[in-house]
Amino acid sequence: MSPSDLRRADHPSVSARAVIAADIAQVWAVISDISLPIEGSGELHAVEWVAPADGPAVGAVFVGHNRNDHMGEWTTTCTIVACDAPRSLRWAVNDPPLAWWGYELSSDASGTTVEQTFQLGPGMSGLDPLIEKYPEREHEFITGRFEQKRAEMAANLMMVGARLGVGVTPLD
């Protein structure tokens, strides 16, 4: 999809992929820690599970505390919508979802390939006021947001390797 094709209504997505030189179970232990994205994010600064949840499982809920210079501070409620340890993890942000985040893992002799994905959902997000005010620039706003998210996801994947003390080979 070219940048001029990106439309909020289509729920576009962006991802980052890397091979992490570690066993899939080791990688899963790191990516299933909901605090991982804090280190690479310019927005997320705190997370916590909502009782009775204390780890990833379908239906488990956690809260994310976010802030940035353009939108101020806000809190999101995230629900795990898919969890197949150690292969996949996906959560919806708010209800209806303003976005979905997820990881897909596969392994071979070289290590574990991880793809992290961010997808825009049907719920209202910080992009919506800009798109409503400047609809002709919708693709530009989404592209800018996706560039930011791709960089954050690439940083997350590098942090997985750093936490495990192993090499990471970006694939994108």
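Residues numbered from 1 in each chain as written. Predicted model: local features only at pLDDT ≥ 70, side-chain atom pairs only at ≥ 80, totals over all residues. Heavy atoms only, no water.

**A closer look at the overall build of the chain**
Check the secondary structure of the chain and you find 4 helices and 8 strands. Radius of gyration (C-alpha) of the chain: 16 Å, near the 16 Å computed for a compact globule of 172 residues. With the C-alpha coordinates aligned to their principal axes, the bounding extent of the chain is approximately 50 × 40 × 25 Å. Burial status across the chain gives 45% buried among its 172 residues. (Helix = DSSP H or I, 4+ residues; strand = E, 2+ residues; numbered from the N terminus. Rg over C-alpha atoms; globule rule 2.2 N^0.38 Å. Buried < 20%, exposed > 50% of the residue type's maximum accessible area, 1.4 Å probe, protein only.)

**Thoughts on the pairing of strand E6 (residues 99-108)**
In the sheet, strand E5 (residues 88-93) pairs with E6 via 6 bridges, with the strands oriented antiparallel. The residue bridging Val93 from the neighbouring strand is Ala99, located in E6. In this structure, the hairpin formed by E5 and E6 is closed by a connection of 5 residues, where Asn94 is found at a positive phi of approximately 70°. In textbook terms, the turn of a hairpin is the stretch between consecutive antiparallel strands, and for E6 and strand E7 (residues 111-120) this stretch comprises 2 residues. (Pairing = 2+ DSSP bridges.)

**Thoughts on the pairing of E5**
For E5, the buried fraction is high: 5 of the 6 residues fall into the buried class. The pairing of strand E4 (residues 72-84) with E5 spans 6 bridges and is classified as antiparallel. The residue of E5 that forms the bridge with Cys78 is Val93. Turn length for the E4-E5 hairpin, with the two strands adjacent in sequence and antiparallel, is 3 residues.

**Examining the confidence of the model for the chain**
Mean pLDDT over the chain stands at 92; residues scoring 70 or higher make up 98%. The least confident element of the chain, judged by mean pLDDT, is helix H2 (residues 36-40) at 83; the most confident is helix H1 (residues 24-31) at 98. (pLDDT = per-residue confidence, 0-100.)

**Considering the layout of surface pockets**
In this model, the largest pocket occupies a volume close to 820 Å³. Considering every element that reaches the lining of the largest pocket, the biggest residue donor is helix H4 (residues 138-164), with 6 residues. When grouped by side-chain class, the residues that make up the lining of the largest pocket number 22 nonpolar, 13 polar and 6 charged. (1 Å grid on protein atoms, 1.4 Å probe; cavity = no way out; pocket = protein on both sides within 12 Å on 5 of 7 lines; lining within 4 Å. Points joined across faces, edges and corners; volume = space filled by probe spheres on them. Nonpolar A, V, L, I, M, F, W, Y, C, P; charged D, E, K, R; others polar.)

**Focus: the nonpolar core**
Formed by 41 residues in total, the largest nonpolar core has its most connected members in Val27, Ile31, Trp91, Tyr103, Leu105 and Phe118. Per-element accounting of this core gives the leading share, 7 residues, to H4. If near-sequence neighbours (up to four positions away) are discounted, Tyr103 is found in contact with Ile31, Leu36, Pro37, Arg87, Ser88, Leu89, Trp91, Val114, Glu115, Gln116 and Asn156. (Core = buried A, V, L, I, M, F, W, Y, C linked by side-chain atoms within 4.5 Å. Contact = heavy atoms within 4.5 Å.)

**Points about the packing of aromatic side chains**
With the rule as written, the count across this model stands at 6 aromatic pairs. Feature note: the residues Trp49, Phe62, Trp91 and Tyr103 constitute an aromatic cluster, connected by ring pairs. Of note, Arg137 hangs over the ring of Tyr134, and the distance from its end group to the ring centre comes to 5.6 Å. In this structure, Lys149 is placed above the aromatic ring of Phe118, and the distance from its NZ or CZ to the ring centre is 5.7 Å. (Phe/Tyr/Trp six-rings, centres within 6.5 Å; stacked < 30°, edge-to-face > 60°. Lys NZ or Arg CZ within 6 Å of the ring centre and 35° of its normal.)

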